[in-house]
Amino acid sequence: MNSLLALAGTTSLLGARPGTASFEQLEERIPGFGVLQNFFKSWLGVDLTTVLTAAALMGAASSGVRTIQASGSKVYWWIIRFLTASISIAGKDRLNREVLNWLGAHVLTTKGTRVLTAHSETIQTDAWHHRRVLERNDYHHEKRVPVQYLPTFGATWFIHGRNLFMVRRILTTSSHYKSAWGNQTPDEYSGAPQGDEPLVVMCLGRSVEPIKKFLDSCRVFADKQREAFVTVRASKARSYEESWDTTILRPLRPLETVHFDEKIKAELVADLENYLDPSTRKFYNGRGIPYRRGYLFYGPPGTGKTSLSLALAGMFGLELYLLHVPSVSDDRSLEKLFAALPPRCMVLLEDIDAVGIKRRPGKSDDSDDEKDDKDSDSEEERNLPSSRCTLAGLLNVLDGVASQEGRIVLMTSNFAEKLDKALVRPGRVDRIIYLGNISPRSSELMFMRMYSRNDEGQAPAGTVAKIPEAELTQLALSFSKEIPDEVLTPAQLQGYLLNYREAPVEAAANIRAWVAEERRIMDAAKEKARKAAEKRRKRRRENKLKAYAKMASQMGNGLGSDAELEALERRVQNEKMKRHLQAQKKNEPQKTNGKTQVKAPVTAVGKRPLPGNAASTNGVQETRTTVPSRESAAERVLAGNAASTNGIQETQKETDDNGEARGSESTAQETEKTVGDPSSPLESLSNGDKITAEKTES
Ligand SMILES: Nc1ncnc2c1ncn2[C@@H]1O[C@H](COP(=O)(O)OP(=O)(O)OP(=O)(O)O)[C@@H](O)[C@H]1O
């Protein structure tokens, strides 16, 4: 048809009559044209050439209109470009959301805009939602996610700072719904924004400065909305492109509500203040020291590690970036996440011992016995998700070349002694703080916090309001006297107090019985765990003996009795240790006057002037002085040594029996060296130095 029209347009067909040159030309180009012409003429009385000519003219007219439209549009955009300035914002950028929120609060409501879009799902993470819930204190309202109204596609006009602005929310393919009306339906009636639409902010004038100011106002407004909250941003789980995606707003938690040693708390705050002081950055930069700070909070579960992190983020007005390492797909993604951090923020790596990152191969110094102990102690470890990030990758983002400056890394751990030494070395972790079980003093403060007036002077509801403050103080004191030092976790005690939310008198009266019951339950649980561990150890031992028996029978030397197999096992253990030490000797051969000198382990962390070196009475002890209730690796090694010293003697006897001479003296030396070779960072913090020094002297 097009070719026909073209032909009709190019050849003047008005005079194309049979027998004329034009008609013959047409007949030649379109075989059968004459027949069609006759058919139309005789049956419909219509001249086909006239019809075609009219169609050609119409086509030409419409293409002319299109050309005019295109030129008009070009002129329009040229004028727009000439007269306006603009800034576009990507759909996923946080600023995008902040601009929309600003428009929602300042333009849509005042202008009475009639075409809007509504959200009710992801909104709960926004400050305005929390504010409304807090303000209304309306339980039923809170059950339903409130609706927020925002600009839809297209342009929103408004005046800001005496400048005329237009914000365009641009349609993306994902947000467009093709209606039955095709492209005729305006965007706002044929689709709904998905939240990832880019924005273009335009302003009449030839400078972008007014737009920058406007964007600043949007940010200030968003910050104000968030004032009473800590913004927690979490890494997006398992996606192709890792990003800091989810934003959760948590109400501010005052640091006073996290109870632990007041001295250590004050030192921690002072340390952070000092780090965040602008002069510190200059100091670091001037001396070529990477401007970074790392903290490790460790202790049993429920002692306030996460609460402390949130409280610190709130106190310093920093955003808390929550990194869930097991859900990061690989080291590159981890790097990307760290690279996307703002210059000043806190990154929280929770339960860093449990993220499934393996120690670097070949770096583990654990003996078999130690491994056995660890196995038996950490049943839950078997169920850990295994991260695809490597330790090297993690170390690199924390303190490598790729690592960003300015941020604060907080790590929490229940078993800090399991952490790789490299992870907690200075530069990655500059302060280690132990959060322990609750002390009587902290329990008194917790009691007061639960029942006294809040910051706004409002008393708690119900009967509590009628109790005078002096009486509450007395109750708190008598309550705290019943709390054994360092036995219960703060979380446990908080749970108890919540059961008596409006009855402080009863809480104080019943505490003794509750503590006794809790102790009984905890003792029973410990005993059960001990028995289970014992059983596992026994089973493993039996399995080992069976394996040795099999080995022995394969060797055909007639060994078979339990005593013989145990002797064989000891020999194998000793041999393993000997080889291990020989391998080590190769790495650090230092012989002076024939005496082996054992190199002191790297104790940078332990030697740092950490706060509160003395054991604390308030539930917090500094790492160096307190190792959590679990037996430390050094203790285990020491215990292992005692056993292996016996083992050596017995082995000596056994080997004599077997006619194999073996120097017990050298074995003893080797054993001592093992002691000075701590396998965990906390060993280097606590016992490593001392033990090594003593052994070296001997
Ligand atoms: N030291 C503390 N002071 C006040 N409240 C505490 C303290 N420790 C724990 N809590 C309370 O116990 C609960 C759990 O605390 P949190 O999650 O901070 O402990 P955690 O040490 O991080 O535990 P986990 O190791 O299991 O993650 C919170 O509700 C918190 O209010």
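Since the model is a prediction, treat every value here as computed from it, not as a measurement.

1. Overview of helix α5 (residues 94-111)
1) Next: With 18 residues, α5 should reach 26 Å at 1.5 Å per residue; the first-to-last C-alpha distance of 25 Å fits that figure.
2) Next: At G104, α5 shows its largest kink, close to 40°.
3) Next: The complete set of buried residues in α5 reads N96, R97, E98, V99, L100, W102, L103 and G104.
4) Next: Directly after α5, the chain includes G112, whose backbone phi takes a positive value near 65°.

2. Side note on the site of the ligand
1) Next: The immediate surroundings of the ligand are formed by 16 residues, with P301, G304, S307, P490 and A491 found nearest.
2) Next: Mapped onto the shell around the ligand, the elements with two or more residues apiece are α12 (305-315) and α18 (490-499).
3) Next: Here the shell around the ligand is composed, by residue class, of five nonpolar, 10 polar and one charged.
4) Next: Lining the shell around the ligand are residues from two domains, each supplying at least three of them: domain 3 (246-435) and domain 4 (440-519).

3. Structural notes on unusual backbone geometry
A negative phi angle characterises most non-glycine residues, just as the trans form characterises most peptide bonds.
1) Next: One non-glycine residue, R162, adopts positive backbone phi at about 65°.
2) Next: Mapped onto the secondary structure, R162 falls in the loop between β4 (154-160) and β5 (163-169).
3) Next: With 6 C-beta atoms counted inside 10 Å, the residue R162 sits in the exposed group.
4) Next: One non-glycine residue, E486, adopts positive backbone phi at about 60°.
5) Next: Using a count of 19 C-beta atoms within 10 Å as the deciding quantity, one classes E486 as partly exposed.

4. Considerations on the nonpolar core
1) Next: Among the nonpolar cores identified, the biggest contains 51 residues, and L296, L320, Y321, M346, V347 and L410 are the most heavily contacted of them.
2) Next: Apart from residues no more than four positions distant in its own chain, Y321 is found in contact with R233, W244, L341, C345, M346, V347 and L348.
3) Next: I89, V99, V201 and C218 belong to the second largest nonpolar core, which has 16 residues in total.

The rules we used
- Residues numbered from 1 in each chain as written.
- Predicted model: local features only at pLDDT ≥ 70, side-chain atom pairs only at ≥ 80, totals over all residues.
- Helix = DSSP H or I, 4+ residues; strand = E, 2+ residues; numbered from the N terminus.
- Expected span 1.5 Å × (residues − 1).
- Bend = angle between axes of the 7 residues up to and from the residue.
- Buried ≥ 20, exposed ≤ 12 C-beta atoms within 10 Å, placed from the backbone.
- Near = placed C-beta within 6 Å.
- Nonpolar A, V, L, I, M, F, W, Y, C, P; charged D, E, K, R; others polar.
- Domains from an automatic or database assignment.
- Core = buried A, V, L, I, M, F, W, Y, C linked by C-beta atoms within 7 Å.
- Contact = placed C-beta atoms within 7 Å.

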